[in-house]
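For reference, the chains in residue letters:
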Amino acid sequence: MKLPLQRFHLFAWVMMCGALSAQLPLRFEHLGNAQGVGFGMHLRRGGDVNGDGFSDYLLVIPVESSFANANGAIQVHSGQDGSLIHTLMTPNPASPPSQNLGAACDAGDVDQDGHDDVLGYSTGLSGGSLLLFSGATGNVILSTPNLGLVGPTVYILDTVKDLNGDGVREVVLLNRNPWKLRILSGSDHSLLLLVDFSTTSFFPEIVRNAGDVNGDGIDDLILGSRYFPYSSAIQSPTGGPNTGAVV
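Throughout this document, residue positions are counted from 1 along each chain, in the order its sequence is written. Two thresholds apply to this predicted model, a pLDDT of at least 70 for residue-level local features and 80 or more for giving and counting side-chain atom pairs, whereas whole-chain, interface and lining totals are computed over all residues. The side-chain quantities take in all heavy atoms of the structure and omit both hydrogens and water.

Caption draft 1: A look at the overall build of the protein. A run of H or I in DSSP counts as a helix once it spans at least four residues, and a run of E counts as a strand once it spans at least two, with each numbered from the N terminus. Scanning the protein from N- to C-terminus turns up 0 helices and 17 strands. Going through the 247 residues of the protein one by one, you find that 42% of them count as buried. Should any heavy atoms of two residues lie within 4.5 Å, those residues are counted as being in contact. Long-range pairs, those at least 24 residues apart, make up 40% of the contacts in the protein with a sequence separation of at least 6. Computed with the Shrake-Rupley method and a 1.4 Å probe, the accessible areas treat only the protein chains shown as cover for residues. For the protein, the accessible surface area stands at approximately 12100 Å², while carbon and sulfur atoms represent 55% of it. The classification of residues rests on relative accessible area computed with a 1.4 Å probe and restricted to protein chains. Under 20% of the type maximum is buried, over 50% is exposed, and intermediate values are partly exposed.

Spelled out as structure tokens, the structure:
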């Protein structure tokens, strides 16, 4: 199969990984519409946003120029046929743009309406915001501003099983520089746990839900750092005998 190429366009392919074979069949194709918008850089599996029984997927466009003065957007696509379900944006876009929607993940069905919701992270002058979007309508149902985080690429977003007994998945937010891991309540985004790595030799750049590895009923986390070991507790390690580590 010869795949089409488009000059100056970033694109994302969603492929069906069924039986092992030398070739993966192409199911859907989504093409970017401009240079430098980050199309195809951030892809995540979503929940069942439209309630059709299929998991959907999230395509994050951090500086999408055709939406909200380049403040970015999250496209939610159907896992069944690839069609666009929602285009999610910040409710009050800034001009000039300073609120890039740069991360997204499945939030689970937070409002208990039968549709899985979408969690997004937006940078901004206020230090970043968490935005919870309704899977049913695409509207913002919870906004938590002023998180005290800066920069367009200093966060990694995920969720884990309910920890505080309210039936809602919790939010995992990894901040780089300073290097801190936060677990927030999925229902109101209040802080449940804070781990500060800035005084250690392990500076994690990625975190993902590993599932319940040890069978205690609580999801575990896997973190990776390309800078480990680093001998000095500085905020932005850039050198040294780094071999990397995953924990």
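Let's pick the thread back up.
Caption draft 2: Molecular detail of the sheet that holds strand β4 (residues 57-61). Criterion used throughout: strands pair if DSSP finds at least two bridges between them. The strand order across the open sheet formed by 4 strands is β3-β4-β5-β6, and the pairing between neighbours is antiparallel. Strands with a single pairing partner mark the edges of an open sheet, and in this sheet they are β3 (42-45) and β6 (84-88). Neighbour-to-neighbour, the strand axes of the sheet open up by a mean angle of 20 degrees, direction not taken into account. Bridge count for β3 against β4 is 4 bridges, and the pairing is antiparallel. Paired with R45 across the two strands is Y57, which belongs to β4. Simply put, an axis is a line fit to the C-alpha atoms, just over the touching stretch for a helix, and the angle between two N-to-C directions goes from 0 to 180 degrees.

Caption draft 3: The arrangement of the nonpolar core in detail. Ranked by size, the top nonpolar core spans 14 residues in total, and within it V172, L181, F197, V207 and L223 carry the most contacts. What makes a nonpolar core is a set of buried Ala, Val, Leu, Ile, Met, Phe, Trp, Tyr and Cys residues whose side-chain atoms join them at distances within 4.5 Å. Core analysis: the second largest hydrophobic core is formed by 13 residues, C105, L119, V171 and L184 among them.

Caption draft 4: The pattern of salt bridges, seen in detail. Salt bridges are defined by distance alone: a side-chain nitrogen of Lys or Arg within 4 Å of a carboxyl oxygen of Asp or Glu. All told, the structure shown has 1 salt bridge when counted by the stated rule. Of the charged contacts in the structure, one is a salt bridge between D158 and R44, with a shortest N-O distance of 3.3 Å. Of the two residues, D158 is situated in strand β11 (residues 155-160) and R44 in strand β3; the sequence distance between them amounts to 114 residues. Classification of R44 by relative accessible area gives buried; the value is 19%.

Caption draft 5: Region of interest: the side chain of D48. Tracing the sequence through the fold places D48 in the loop between β3 and β4. Counted as positive: Lys and Arg. Counted as negative: Asp and Glu, with His and the chain ends omitted from the count. No salt bridge is formed by the buried D48; the nearest opposite charge belongs to R45, separated by 9.4 Å. Under this definition, polar contacts are N or O atom pairs within 3.5 Å; protein pairs additionally need one hydrogen-donor-capable and one acceptor-capable atom, and for neighbouring residues in sequence, both atoms have to be side-chain atoms. Among the polar contacts listed, one links the side chain of D48 to the backbone nitrogen of G51, at a separation of 3.0 Å. Residues contacting D48, with those up to four places away along its chain left out, are G53, F54, S55, D56, H115 and D116.

Caption draft 6: Representation of the side chain of S225 in the model. Summarising the element assignment, S225 is placed in strand β16 (residues 220-225). When neighbours within four sequence positions are excluded, S225 is seen to be in contact with F202, F203, P204, E205, G244 and A245.

Caption draft 7: Structural detail: unusual backbone geometry. Its identity as a non-glycine residue notwithstanding, Q112 has a phi of 55 degrees, on the positive side. Under the relative-accessibility criterion, Q112 is labelled exposed at 59%. For H189, which is not glycine, the phi torsion reads 65 degrees and is therefore positive. Owing to a relative accessible area of 6%, H189 belongs among the buried residues under this scheme.

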